[in-house]
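These are the residues of each chain, in order.
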Amino acid sequence: MTAEDADLTIARFIDAPPAAVWQAWSRPEHLARWWIPAPIECRVVTLDLRPGGGFVTKMREDDGPFKPHLDACFLEVVPERRLAFTTALSAGWRPAEPWLLLTAIVTLEPERRGTRYAARVLHKSPADARRHETLGFHDGWGTVIDQLAALAPRLG
Amino acid sequence: MVTFHTSLDAAFHALADPTRRAVISRLMARPASVKELAAPFAMGLPAFLKHLRVLEESGLIATEKTGRVRTCRVEIEQLAEAESWLGEQRALWQGRTDRLAAYVETRMARDDTHDG
């Protein structure tokens, strides 16, 4: 293992210009379509694209109630170029206690007629897991796994 | 579940230090004695032994004493657990990135056509 193991970098080419990718990211109606894997439904509650702005999404399965999903804060917003947000804070820089602490840095670089899209996700460590338990977020393994699958997207 | 989280916490804590990561990397090749492991590091043996103890408590390595020689080896299963946690996170972001690409390349193009 190397030091970089606490970070994940995902990159790929998207065959559309940065302006189109930015639209998919920055408009709630578009974001809701790809942010969480189907069949889980995503609702974009807040997408306040400015430093300190909130980034809140909810999710639901099988027509159930919408549950908390992501509650983060944007750190940097450069239209069509770069986005950074963290789960360490919620809207207005308010300190948060997330289940999973992470900072994500998304970059869009023009490449040929498309976009080189990259997401770098910085983790501390899952040291909050036990606190998560004491907060009573889950009852057992089944729920843990469900949550992981469901929180999945929360990793964003 | 407690065990899983506790061991994952301990594993990531252990891996959060460069000396300890270097020890793990070194042991991936083959088991080694404490003396052999300590040699490349510019620190006293007591300090090095502290690192080994953290690694051993995390379950990432196991040690065994034969005569006067203590041999260390990597516990692959424990290491794999930490790795699989990261792998899950990677899969989530990969999936999300793929969905974004598919959405932008197909559906949005179609939506724009309808809008325009």
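The structure under discussion appears in the preceding block.
Values in this document were obtained by computation on a predicted structure and should not be read as measured data.

Examining the overall build of chain A
For step 1, the next point in the chain: Scanning chain A from terminus to terminus reveals four helices and nine strands.
For step 2, the next point in the chain: Shown N-terminal to C-terminal, the secondary structure of chain A runs as helices and strands in the order β-α-α-β-β-β-β-β-β-β-β-α-α.
For step 3, the next point in the chain: Sequence-distant contacts, at least 24 apart, represent 42% of the contacts inside chain A between residues at least 6 apart.
For step 4, the next point in the chain: Total accessible area on chain A is roughly 7,600 Å²; 52% of this is exposed by carbon and sulfur atoms.

Section: the overall build of chain B
For step 1, the next point in the chain: In terms of regular secondary structure, chain B is built from five helices and three strands.
For step 2, the next point in the chain: When the helices and strands of chain B are read in sequence order from the N terminus, they spell out α-α-β-α-α-β-β-α.
For step 3, the next point in the chain: Out of the 116 residues in chain B, the part that is buried amounts to 39%.
For step 4, the next point in the chain: When contacts within chain B are restricted to residue pairs at least 6 apart in sequence, those whose partners lie at least 24 apart make up 53%.
For step 5, the next point in the chain: Accessible area for chain B stands at about 6,500 Å²; split by element, carbon and sulfur atoms hold 55% of it.

Describing helix H1 (residues 18-26) of chain A
For step 1, the next point in the chain: Where burial is concerned, most of H1(A) is hidden: seven out of the nine residues are buried.
For step 2, the next point in the chain: The set of residues buried in H1(A) consists of A:Pro18, A:Ala20, A:Val21, A:Trp22, A:Ala24, A:Trp25 and A:Ser26.

Considerations on the nonpolar core
For step 1, the next point in the chain: The biggest cluster of nonpolar side chains holds 63 residues, and the ones touching the most others in it are A:Trp25, A:Trp35 and A:Phe55.
For step 2, the next point in the chain: The biggest single contributor to this core is helix H5 (residues 76-115) of chain B, with ten residues.

Thoughts on the side chain of A:Thr86
Residue and element names in this part refer to chain A.
For step 1, the next point in the chain: Assignment of secondary structure puts Thr86 in strand S5 (residues 82-86).
For step 2, the next point in the chain: There is a polar contact of 3.0 Å between the side chain of Thr86 and the backbone nitrogen of Ala88.
For step 3, the next point in the chain: A distance of 3.2 Å separates polar atoms of two side chains, one belonging to Thr86 and the other to Thr103.
For step 4, the next point in the chain: Here Thr86 is in contact with Ala72, Cys73, Leu75, Leu102 and Thr103, once residues within four sequence places are set aside.

So, the sheet that holds strand S1 (residues 32-33) of chain B
Residues and elements named next belong to chain B.
For step 1, the next point in the chain: In spatial order, the strands read S1-S3-S2; together these three strands make up an open sheet with antiparallel pairing. Strands at the two margins of the open sheet, each flanked by one partner only, are S1 and strand S2 (61-66).
For step 2, the next point in the chain: Two strands pair when backbone bridges link them, and S1 and strand S3 (residues 69-74) are joined in this way by two bridges, in the antiparallel orientation. Considered in S3, the bridge of Ser33 is made with Thr71.
For step 3, the next point in the chain: The strands touched by helix H2 (residues 18-29) are S1, S2 and S3; relative to S3, the strand with the most contacts, the crossing angle is about 90°.

Re the environment of A:Ala104
For step 1, the next point in the chain: By the secondary structure assignment, A:Ala104 is in strand S8 (residues 102-111).
For step 2, the next point in the chain: Remark: the alpha-carbon pair of A:Ala104 and A:Thr87, spanning 17 residues in sequence, is separated by 8.8 Å.
For step 3, the next point in the chain: In this view, A:Ala104 contacts A:Leu83, A:Ala84, A:Phe85, A:Arg120, A:Val121 and B:Trp93; residues no more than four positions away in its chain are not counted.

Here we look at the pattern of salt bridges
Residues and elements named next belong to chain B.
For step 1, the next point in the chain: Scanning the entire structure with this criterion turns up ten salt bridges over all chains.
For step 2, the next point in the chain: With a shortest N-O distance of 2.8 Å, Glu36 and Arg26 are connected by a salt bridge. Here the residue Glu36 occupies a position in helix H3 (residues 34-38), and Arg26 occupies one in helix H2, the gap between them amounting to ten residues.
For step 3, the next point in the chain: A relative accessible area of 35% places Glu36 in the partly exposed class.
For step 4, the next point in the chain: Among the ionic pairs, Arg30 bridges to Glu36, the shortest N-O distance being 3.4 Å.

Some words on the pairing of S2(B)
Residue and element names in this part refer to chain B.
For step 1, the next point in the chain: With six bridges connecting them, S2 and S3 associate as antiparallel partners. Following the sheet pairing, Ile61 is matched in S3 by Val74.
For step 2, the next point in the chain: Counting the residues in the hairpin turn of S2 and S3 gives two residues, including Gly67, whose phi is positive at 65°.

Observations regarding the sheet that holds strand S2 (residues 41-47) of chain A
All names here are of chain A.
For step 1, the next point in the chain: Pairing in this open sheet of seven strands is antiparallel, and the strands run S1-S9-S8-S5-S4-S3-S2 from one edge to the other. Each edge of the sheet is formed by a strand with only one pairing partner; in this case those strands are strand S1 (7-14) and S2. Each adjacent strand pair in this sheet contributes to an overall mean axis angle of 20°, direction not counted.
For step 2, the next point in the chain: Across five bridges, S5 lies against S8 in antiparallel orientation. Bridge pairing in S8 links Leu83 to Val106.
For step 3, the next point in the chain: Strand contacts of H1: S1, S2, strand S3 (54-60), strand S4 (67-78), S5, S8 and strand S9 (114-123), with the helix running at about 150° to S8, the strand carrying the most contacts.

Reading guide: rules and limits
Residues numbered from 1 in each chain as written. Chains lettered and ligands numbered in written order. Predicted model: local features only at pLDDT ≥ 70, side-chain atom pairs only at ≥ 80, totals over all residues. Heavy atoms only, no water. Helix = DSSP H or I, 4+ residues; strand = E, 2+ residues; numbered from the N terminus. Contact = heavy atoms within 4.5 Å. Areas by Shrake-Rupley, 256 points an atom, 1.4 Å probe, with all protein chains shown as cover. Buried < 20%, exposed > 50% of the residue type's maximum accessible area, 1.4 Å probe, protein only. Core = buried A, V, L, I, M, F, W, Y, C linked by side-chain atoms within 4.5 Å. Polar contact = N/O pair within 3.5 Å; in protein donor to acceptor, adjacent residues only side chain to side chain. Pairing = 2+ DSSP bridges. Axes fitted to C-alpha atoms, helices over the stretch in contact; angles between N-to-C directions. Salt bridge = Lys/Arg side-chain N within 4 Å of Asp/Glu carboxyl O.

The values are spatial; any link to function lies outside them.
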